[in-house]
Amino acid sequence: MIIKEIIPIVLVLFLGMQSCKQPAYKAPVDALFTKISPQQSGIHFINTITDDSSFNEFTYRNFYNGGGVAIGDINNDGLPDVFMTANQLPDKLFLNKGNFKFEDITTSAGIIKKHKWSTGATMADVNGDGLLDIYICTAGEVQGDLRKTELYINHGNLEFIFICAELKVLNILSRSLSTG
């Protein structure tokens, strides 16, 4: 009687273990995408999130919602450039040099993360000069300046100027557009 009960269990375990032995994945010859390493592309970016006893998934419900990506041609050369936001680490701007090669121009472009928790970004020509500007969204269970959004205006020479971190953006832009 015990043998009749054990045989089905052993058989299920054996078949289950056999199904775990799958051959290593091999991409099809006509694959639509090809993996490119950070060393090949020049895009070195990781959104590492560090929690502690006062700021974690229990104290902030959106703790693991992640950062964001904006893609646009910041220098009008016909190549899509990449901007990535990190929650706690620096945001990064990568200039497309062609052939899937990118250069990190974050520092030289004047992009300096001023706030703690970036959640997303978009590129748009905010001031109507034909150049894409960068708007960074922020959030979190933080107060004051740490939660203000960021707007960087593109000056056309691969440099951006941080103009505001408040909702008064439209007032500042409307004054600058009307004067010049």
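Thresholds applied
Residues numbered from 1 in each chain as written. Predicted model: local features only at pLDDT ≥ 70, side-chain atom pairs only at ≥ 80, totals over all residues. Heavy atoms only, no water. Pairing = 2+ DSSP bridges. Helix = DSSP H or I, 4+ residues; strand = E, 2+ residues; numbered from the N terminus. Axes fitted to C-alpha atoms, helices over the stretch in contact; angles between N-to-C directions. Contact = heavy atoms within 4.5 Å. Phe/Tyr/Trp six-rings, centres within 6.5 Å; stacked < 30°, edge-to-face > 60°. Buried < 20%, exposed > 50% of the residue type's maximum accessible area, 1.4 Å probe, protein only.

Participant: Sorry if this is basic, but what is going on with the sheet that holds strand S5 (residues 118–124) here?
Facilitator: Strands belonging to one sheet form pairs held by backbone hydrogen bonds; the direction of such a pair is parallel or antiparallel. Reading across from one edge, S5-S6-S7-S8 is the order of the 4 strands in this open sheet, with antiparallel pairing throughout. At either end of the open sheet lies a strand with only one pairing partner, and these are S5 and strand S8 (160–164). Here the strands of the sheet are splayed against their neighbours by 25 degrees on average, with no regard to which way each runs. Of the pairings in the sheet, the one linking strand S7 (residues 150–154) to S8 comprises 4 bridges and is antiparallel in character.

Participant: It is not clear to me how the environment of Ile74 should be interpreted in this structure. Could you clarify?
Facilitator: Note on placement: Ile74 falls in the loop between strand S1 (69–72) and strand S2 (81–84). Between the alpha carbons of Ile74 and Phe94 there is a distance of 10.0 Å; along the sequence they are 20 residues apart. Here Ile74 is in contact with Asp81, Leu93, Leu95, Ile105, Met123, Leu131, Asn154, Leu158 and Phe160, once residues within four sequence places are set aside.

Participant: How should I be thinking about the packing of aromatic side chains in this particular structure?
Facilitator: This structure, assessed with the given rule, holds 2 aromatic pairs. For the pair Phe55 and Trp117, a centre-to-centre distance of 5.1 Å together with 90 degrees between the ring planes defines the contact as edge-to-face. Note that Phe55 is positioned in the loop between helix H2 (38–41) and S1 and Trp117 in the loop between helix H3 (106–109) and S5, a separation of 62 residues in sequence. When its relative accessible area of 8% is taken as the criterion, Phe55 is described as buried. Among the residues examined, Trp117 registers a relative accessible area of 2% and is labelled buried. On the basis of an interplanar angle of 55 degrees and a centroid distance of 5.3 Å, the ring pair of Tyr152 and Phe162 is categorised as tilted.

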